[in-house]
Every structure is written in C-alpha cells, then in structure tokens.
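# Architecture and fold: a report
Residue-level listing of the chains:
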Amino acid sequence: MLIRPRRNRKSAVIRAFAEETQLGAERLIYPLFVVDGKNIQTEVQSLPGNYRWSIDLLIPEVEKCMSLGIHSFVLFPAVNESLKDKWASYSFAEDNFYLDILRKLKKEFPEICLMTDVAMDPYNSDGHDGYVNEKGEIENDKTLPILSKMAVAQAQAGADIIGPSDMMDGRVAAIRKALDEKDFQQVSIMSYTAKYASAFYGPFRDALDSAPKSGDKKTYQMNPANAMEALREAKLDYEEGADIMMVKPALPYLDIIALLKNNFDIPIAAYNVSGECAMLTAACQKGWLDFNKAMPEMLVSIRRAGADVILTYFAKSYAEWMKYGKTNF
Ligand code: PBG
C-alpha cells in the first residue's frame, strides 16, 4: 500500500496538522432568556444550565461570558401573560423591559454585539409569530408593519443585529426599509432564512411560555422534508438585503447549511436550537455521553458543514472548554 490515510492520524501533533476545521468562541452567539424584575435567575427545566435572567443578575453573567471570549448574545424576552395581546403591542411599547435591558447592556458593555429576535410569539396572546385573524389564519401582510415597528424599537434601544425569526414572506425587505427610514442603515439583519417547523423548539417555548395556543406553525415554517425550498427562501432574503442567513435547527439540517454556504456569498449562520442542546444535556446527565467530548464534536460538525456563525446554548460551556479543558479530537 502506497497510500495509508492512517499515517496522518498517528499522533496528536500530526492530527493537528491535518485538522480541517477550527471553531473559536468568536463565531458563537449565546442565547439568553430575560425577564422583568430583580434578583431573578430561574432555571429552564427542559434546558438545564439555562436561565431566565433579570438584568441585575444578567450583567455579571454577561461579564463572565465576555471574559471567556463570548461577545455576541441574542436575547429573548419572557413576557408576562397580562401584557400580551393580538397585536403584540408590548413589543414596541415605551416601557418594554426587554428594550430597557438592551439599553442597559449596551451602556455597561459598549463593545458587546447584541442580536434581537423579531417575531410576535413572545408578545401575542396566540403564541404565533404573526397576526392571527378571526378565522385563525396567520395574516402575512398585517404582520409586516408590526415586525417593522418591533425592529425599529430594538434598533433604537441599541440592537446591532435584528433577527427576524417569524418566516413571513417579505419581512426582510419590510424591516430593511423601516430601519433605513429611521437612519439605522448600519443595523444588520440576520434572517432566519430556512427555519423549519421543527419538534426541536420545545424547551425554548417552555422558557418563554410562547407555544402556540392553537394549531401549529406549519403554514409559515418550512417542511422538514424540503431542501430546494430553502434555496428559494434564501434567494428572497438575499435580494431583500439580509446580511447573514440562518438555518434552523442545525444538526438535523447540516445539508441545508452546506447548500446555502455553497450557493451564496454572505455569511451563513446556524441555530443549534434548544431541543438539540437538551437532548445532549439529558444524555450526559444520565451518564450515557461525555459532555466535554460530545458537545465540541456537535459544534464543530455545524462549522464543518459551512456555518460561519453558530447560535448555541453551549456557547459558554464551549468557551470554558476552550480555555480550561480543551483536548484534541
Ligand atoms: C420564535 C422563535 C423560536 C425559536 C427562536 N425564535 C421558536 C419557534 O419558532 O416556535 C426557537 C429557538 C430554540 O428552540 O432554541 N419565533
């Protein structure tokens, strides 16, 4: 045998020469759940190690993450049921606690990168990402102005990246136009371009109490069986001015990440969603998997598939592992 691939695997040093994919903490975005109030840090039962934070306790947590090399965060609000209505009007209200948290974090950490979520579901009484009419249908075009107002309010509060996660048609263009009209040309849009109607969002909906009150999200989120449709969505978002396009979830859709990466010239993001993280965490708690081996393998696979940016609940754990516990593959 002239060619023996095993020679390039014979020692840790040689394996490092041959290693094709690196993942640093600078490519990670850490999702955090926030609540109104003080002195609150409530663990999300179905997503151990993740909490609903009030701002006073969030600030030291963010500081810790920054010292580990995590500089980007995406925030999600858990909104009191009494503030929800059909139009999600609290999402752009003057006294909205989420917007207040954005302002406070920006003031405390001017170098931070803050991403926000644009969708109606944390704020509307229906638990849907769009406006629900009398017939129970999600109305695309009535939703767009609401999303645009939400995005502008978030930009005003200091958001660096707006993340429309709603899957309405035409929302990237609508949000871009609304932002530009208010002189927020420098605020980026990371669109949830190929967001699937997935079973893996369960723990997230627990964290925010945002599960749909009736029906499901299949009339706007994508069919898990489809790939060409992701290209169609991506063409639209690209033309509408998205700066970064996201695939969500990540692990069951690595092929979609690769597909977008190979067809577009802007950064591709992947959202390693709550259910993906929960299943790994659960298996590790049972002693069935080794967290410090399985977690980095999971994240590197997403990078290898083509993701330039990864949103993951393991961001802090990964950064800690990089700093204190890194072992080579
Ligand atoms: C809401 C939204 C969801 C997630 C991010 N934004 C849930 C959904 O669409 O129902 C899921 C994230 C996760 O599971 O980690 N628009």
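That block above? That's the structure.
Residues numbered from 1 in each chain as written. Predicted model: local features only at pLDDT ≥ 70, side-chain atom pairs only at ≥ 80, totals over all residues. Heavy atoms only, no water.

### So, the overall build of the protein chain
Condition: Only runs of H or I of at least four residues qualify as helices and only runs of E of at least two qualify as strands under DSSP, and these elements are numbered from the N terminus. Computation of the radius of gyration draws on C-alpha atoms, with the globule rule given as 2.2 Å multiplied by the number of residues to the power 0.38. To sort residues, take the accessible area from a 1.4 Å probe on protein chains only and compare it with the maximum for the residue type: under 20% means buried, over 50% means exposed, and anything in between is partly exposed. Should any heavy atoms of two residues lie within 4.5 Å, those residues are considered in contact. We get accessible surface area from the Shrake-Rupley algorithm with a probe of 1.4 Å; when it comes to residues, only the shown protein chains can shield them. Counted as positive: Lys and Arg. Counted as negative: Asp and Glu, with His and the chain ends omitted from the count. Note that the charge is assigned to NZ on lysines, CZ on arginines, CG on aspartates and CD on glutamates.
Helix and strand counts for the protein chain stand at eleven helices and twelve strands. In terms of overall dimensions, the protein chain is globule-like: its C-alpha atoms have a radius of gyration of 20 Å, near the 20 Å expected for 329 residues. Across its three principal directions, the C-alpha atoms of the protein chain cover 70 × 45 × 40 Å. In the protein chain, which comprises 329 residues, the share counted as buried stands at 54%. A fraction of 73% describes how many contacts in the protein chain between residues 6 or more apart in sequence connect residues 24 or more apart. Just so you have it, the protein chain exposes about 15,300 Å², and 51% of that area is on carbon and sulfur atoms. Within the protein chain, one finds 39 positive and 45 negative side-chain charges whose respective centroids are separated by 8 Å.

### Digging into the site of the ligand
This is how it is decided: Neighbouring residues are identified by heavy atoms, a residue being near a molecule or strand if any of them is within 4 Å of it. Polar contacts here mean pairs of N or O atoms no more than 3.5 Å apart (in protein, one a potential hydrogen donor and the other a potential acceptor; neighbouring residues in sequence count only if both atoms are side-chain atoms). Three categories are distinguished: nonpolar for Ala, Val, Leu, Ile, Met, Phe, Trp, Tyr, Cys and Pro, charged for Asp, Glu, Lys and Arg, and polar for the others, with Gly belonging to the last.
Taken together, 17 residues surround the ligand, and among them K195, R205, K248, S274 and Y313 come closest. D121 places a side-chain nitrogen or oxygen 3.3 Å from a nitrogen atom of the ligand. Here K248 contributes a side-chain N or O atom positioned 3.4 Å from a nitrogen atom of the ligand. A total of 400 Å² of accessible area belongs to the ligand in isolation, and the protein chains cover 100% of it. The residue inventory of the shell around the ligand, partitioned by class, reads seven nonpolar, three polar and seven charged.

### Some details on the pattern of salt bridges
Counted only if it meets this: A carboxyl oxygen of Asp or Glu within 4 Å of a side-chain nitrogen of Lys or Arg is what we treat as a salt bridge.
What the rule picks out here adds up to 20 salt bridges. R52 is the salt-bridge partner of D209, the closest N and O atoms lying 3.4 Å from each other. Separated by 157 residues along the polypeptide, D209 in the loop between α6 (202-208) and α7 (228-239) and R52 in strand β3 (residues 51-53) bring together distant segments of the chain. Classification of D209 as partly exposed rests on a relative accessible area of 44%. Close ionic contact of E181 with K177 constitutes a salt bridge, the shortest N to O distance being 3.3 Å. Of this pair, E181 and K177 both sit in helix α5 (residues 171-181), four residues apart, roughly one helical turn. Note on K177: relative accessible area 55%, which makes it exposed. Taken together, the salt bridges that share partners define one network made up of D121, D129, K195 and K217.

### As for the side chain of S210
Here S210 is to be found in the loop between α6 and α7. Once residues within four sequence positions are removed from consideration, S210 is found in contact with D121, P122, G127, F204 and R205.

### Some thoughts on the nonpolar core
The condition that has to hold: Residues enter a nonpolar core if they are buried and are Ala, Val, Leu, Ile, Met, Phe, Trp, Tyr or Cys, with the set joined through side-chain atoms within 4.5 Å.
Counting 117 residues, the largest nonpolar core has F73, L105, L179 and M190 as the members making the most contacts within it. By residue number, the principal contributor to this core is helix α4 (residues 140-156), which donates eight residues. Beyond its immediate chain neighbours, meaning those up to four positions away, L105 contacts I55, L58, I59, V62, L75, I112 and L114.

### Here we look at helix α10 (residues 291-305)
As a reminder, the rule being used: Given the number of residues in a helix, its expected span is that number minus one, multiplied by 1.5 Å.
In this model α10 runs 21 Å from its N-terminal to its C-terminal C-alpha over 15 residues, within 8% of the 21 Å that 1.5 Å per residue would give. Where α10 is concerned, the buried positions are A294, M295, P296, M298, L299, V300, S301, I302, R303 and A305. On the buried face of α10, the contacting elements are α8 (254-263), β11 (268-272), α9 (274-285), β12 (309-312) and α11 (315-325). Taking the backbone nitrogen of N292 as reference, a side-chain oxygen 3.1 Å away marks D290 as the first, capping residue of α10.

### Notes on the packing of α4 against α5
The condition is simple: Throughout, an axis means a line fitted to C-alpha atoms (over the contacting stretch in the case of helices), and angles, computed between N-to-C directions, take values from 0 to 180 degrees. We call two directions roughly parallel when the angle between them is under 35 degrees, roughly antiparallel when it is over 145, roughly perpendicular when it lies between 65 and 115, and oblique otherwise. For any helix crossing, the convention is left-handed if the near helix is rotated counterclockwise from the far helix by under a right angle, and right-handed if that rotation is clockwise.
Viewed as axis vectors pointing N to C, α4 and α5 meet at an angle of 45°, and their least axial separation amounts to 9 Å. Taken together, the axes of α4 and α5 lie oblique to each other. Once α4 is placed against α5, the crossing between them reads as right-handed. Taken together, the residues of α5 that come into contact with α4 (itself represented by L144, L147, S148, A151, V152 and A155) are R171, A174, I175, A178 and L179. Grouping the constituent residues of the contact of α4 with α5 by class yields nine nonpolar, one polar and one charged.

### Some points on α9
In an α-helix there are 3.6 residues to a turn, and that puts residues three or four apart on one side. Taking 1.5 Å per residue, twelve residues should reach 16 Å; α9 reaches 16 Å between its end C-alpha atoms and fits that length. Taking burial as the measure, the twelve residues of α9 include nine buried ones, the bulk of the element. Among the residues making up α9, those that are buried are S274, G275, E276, C277, A278, L280, T281, A283 and C284. Buried residues in α9 make contact with α6, β11, α10 and β12. With its phi angle positive at about 80°, G287 sits one or two positions after the end of α9.

### A look at the environment of M295
Locating M295 in the fold gives a position in helix α10. For M295, a relative accessible area of 0% puts it in the buried group. M295 sits 44 residues away from L251 along the chain, and the two C-alpha atoms are 12 Å apart. Apart from residues lying up to four places away in sequence, M295 is in contact with L280, F314, S317, Y318 and W321.

### Some details on the environment of E20
On the secondary structure map, E20 appears in the loop between α1 (12-18) and β1 (28-34). Between the alpha carbons of E20 and S210 there is a distance of 40 Å; along the sequence they are 190 residues apart.

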